[in-house]
Amino acid sequence: MIPRMEPLPLPLEGITVVAVEQAVAAPFATRQLADLGARVVKVERIDGGDFARGYDTAAGGLASHFVWCNRGKESIALDLKDPRGLDVVRRLVADADVFVQNLAQGAAARLGLDAATLCAADPRLIAVDISGYGAFGPYAGKRAYDMLVQCEAGLVSVTGTAGQPVKAGIPAADIAAAMYAFSGVLAALVRRGKTGRGGPVEVSMLEALAEWMGHPLHHAMHGGTPPARTGLAHAVIAPYDAYPTADGGRVLLSVQNDREWRRLAEQVLLRPELAHDPAYATNAARVEHREHTDELVGKALAALVTDEAVARLEAAGIACARLRDVREVAEHPQLAARDRWREVGSPVGPLRALLPPITLPGGDSARMGPVPALGEHTGALLRAVGMTDDEIAALRRDGVAA
């Protein structure tokens, strides 16, 4: 008989993270750590907390950004301008494995909470500084909101239509920085396991998103011209775009080689003569005659409802997708089939949330804890660092803790 294996624990079980964080970049990074089993203590301002709490009220009265980035954390509300509040953070950090902050440039250093200072005092600590542009250089002190960094990193220059650059519809710079902070923490934990030493981790939004610029950046740097903005089309492949269907939908398709074009012409366009027509037979020719190529494809798909268009494309082996809006994504059949939805607790009741995309078969499921109320864990955390009820009452009375 095959022995029955006990499920593996979550990989970050036993790791404690303290985060002085706000908005998206740091909170999204630490949420990944919480999902993988880490205990995450979120330090918030007493006057409203993380300002992302106030972005909107779309999630049952809570802010959608905050719900997305902050499940599974413990919230403590402190005034860090008061030495007593700062002392509490220092006590929390003393028992932590990881510290993360994304305060305005220079603010953490003034508080003694920058990575260099903390790691000098505790060589085992992993301390992460997330900033907009890095610790030095002419942009170090600039404000760095997501849209601004998207512009500085060139993302906006390659996104949109020929006549209109647009920012990405998600906070791409924040997400890029968050994911590099997340992977940086994991790498530092591995190194600490080998050497016993933690150390600073530095991530800038500009550098993270510049890395994600990938092929457009390398194409332009190494002698090519910067890719043109082409909306949903591809700058150097045709046909590659979204085409309207008879029932008001849109189907995006991509023909990657000339064999696929022949199948498209014969089985979808029902125009077999186009398969070897010199004006369309090669990708270079199709790009040169892009307007006519798109017209041919558009006319054929416009006569079909979306389901029929997708079925015909898939039968022909043509890569395709429906152009879904976000409500349709929430009901996506693939996500449903793979059982990717869960409910997490919150101050307003259960909220629907996606499982994190890192799946570790054979282990415990991701820890998708509740979204905390502001200061929900203040009392418990103050007691955990050794404070008496009288001391806690004094901090609350004086507005140092909430």
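Worth saying up front: this structure is predicted, and the values here are computed from it rather than measured.

A. Region of the structure containing the nonpolar core. In terms of nonpolar packing, the biggest core is built from 43 residues, with Val17, Val98, Val100 and Ile130 touching the most fellow members. Taken together, the elements giving at least two residues each to this core come down to strand 1 (16-20), helix 1 (25-35), strand 4 (98-101), strand 5 (126-131), helix 7 (172-195), strand 8 (199-204) and helix 8 (205-212). When neighbours within four sequence positions are excluded, Val17 is seen to be in contact with Thr30, Leu33, Ala38, Arg39, Val40, Val41, Val98 and Val100. The next biggest cluster of nonpolar side chains, apart from the first, holds 30 residues, and it includes Val41, Leu86, Ala96 and Leu118.

B. Summary view of the pattern of salt bridges. Inspection of the entire model under this criterion finds 21 salt bridges. In this structure, Asp398 and Arg84 form a salt bridge, with 2.8 Å as the shortest nitrogen-oxygen distance. Residue Asp398 is located in the segment after helix 17 (389-397), and its partner Arg84 is located in helix 3 (residues 83-94); the two are separated by 314 residues in the primary sequence. Given the relative accessible area of 38%, Asp398 is considered partly exposed. Owing to a relative accessible area of 36%, Arg84 belongs among the partly exposed residues under this scheme. Each of the salt bridges in this network shares a partner with another, and the network as a whole consists of Glu21, Lys42, Asp50 and Lys73.

C. Quick peek at the sheet that holds strand 10 (residues 250-254). If you walk across this open sheet you meet the 3 strands as 9-10-11, and the pairing is antiparallel. For this open sheet the edge positions go to strand 9 (240-244) and strand 11 (319-322), each flanked by a neighbour on one side alone. In this sheet, adjacent strand axes meet at a mean angle of 25° when their direction is disregarded. In the sheet, strand 9 pairs with strand 10 via 5 bridges, with the strands oriented antiparallel.

D. Highlighting the packing of aromatic side chains. Applying the stated criterion across every chain, the model contains 4 aromatic pairs. Relative to Trp68, the ring of Phe28 lies with its centre 4.8 Å away and its plane at 40°, an arrangement referred to as tilted. Of this pair, Phe28 sits in helix 1 while Trp68 sits in helix 2 (residues 64-69), placing them 40 residues apart in sequence. The class for Phe28 is buried, based on a relative accessible area of 9%. In this structure Trp68 comes out as partly exposed when scored by relative accessible area, which is 28%. For the ring pair Tyr133 and Tyr139, a centre distance of 5.3 Å and an interplane angle of 70° mean the geometry is edge-to-face. Note on Tyr133: relative accessible area 8%, which makes it buried. Exposure remark for Tyr139: the relative accessible area of 34% places this residue in the partly exposed category. Its end group placed over the ring of Tyr139, Lys142 keeps NZ or CZ at 5.3 Å from the ring centre.

E. Highlighting the packing of helix 1 against helix 7. Running from amino to carboxyl end, helix 1 crosses helix 7 at an angle of 40°, the nearest separation of the two axes being 8 Å. One element, helix 1, and the other, helix 7, form an angle in the oblique class. The two elements helix 1 and helix 7 meet at a crossing, and its hand is right-handed. For the pair helix 1 and helix 7, the contacting residues are Ala25, Phe28, Ala29, Gln32 and Leu33 in the first and Asp174, Ile175, Ala177, Ala178, Met179, Ala181, Phe182, Val185 and Leu186 in the second. Of the residues that constitute the contact of helix 1 with helix 7, the class distribution is 12 nonpolar, 1 polar and 1 charged.

How each quantity is defined
Residues numbered from 1 in each chain as written. Predicted model: local features only at pLDDT ≥ 70, side-chain atom pairs only at ≥ 80, totals over all residues. Heavy atoms only, no water. Core = buried A, V, L, I, M, F, W, Y, C linked by side-chain atoms within 4.5 Å. Buried < 20%, exposed > 50% of the residue type's maximum accessible area, 1.4 Å probe, protein only. Helix = DSSP H or I, 4+ residues; strand = E, 2+ residues; numbered from the N terminus. Contact = heavy atoms within 4.5 Å. Salt bridge = Lys/Arg side-chain N within 4 Å of Asp/Glu carboxyl O. Pairing = 2+ DSSP bridges. Axes fitted to C-alpha atoms, helices over the stretch in contact; angles between N-to-C directions. Phe/Tyr/Trp six-rings, centres within 6.5 Å; stacked < 30°, edge-to-face > 60°. Lys NZ or Arg CZ within 6 Å of the ring centre and 35° of its normal. Parallel < 35°, antiparallel > 145°, perpendicular 65-115°, else oblique. Left-handed = near helix turned anticlockwise from the far one by under 90°. Nonpolar A, V, L, I, M, F, W, Y, C, P; charged D, E, K, R; others polar.

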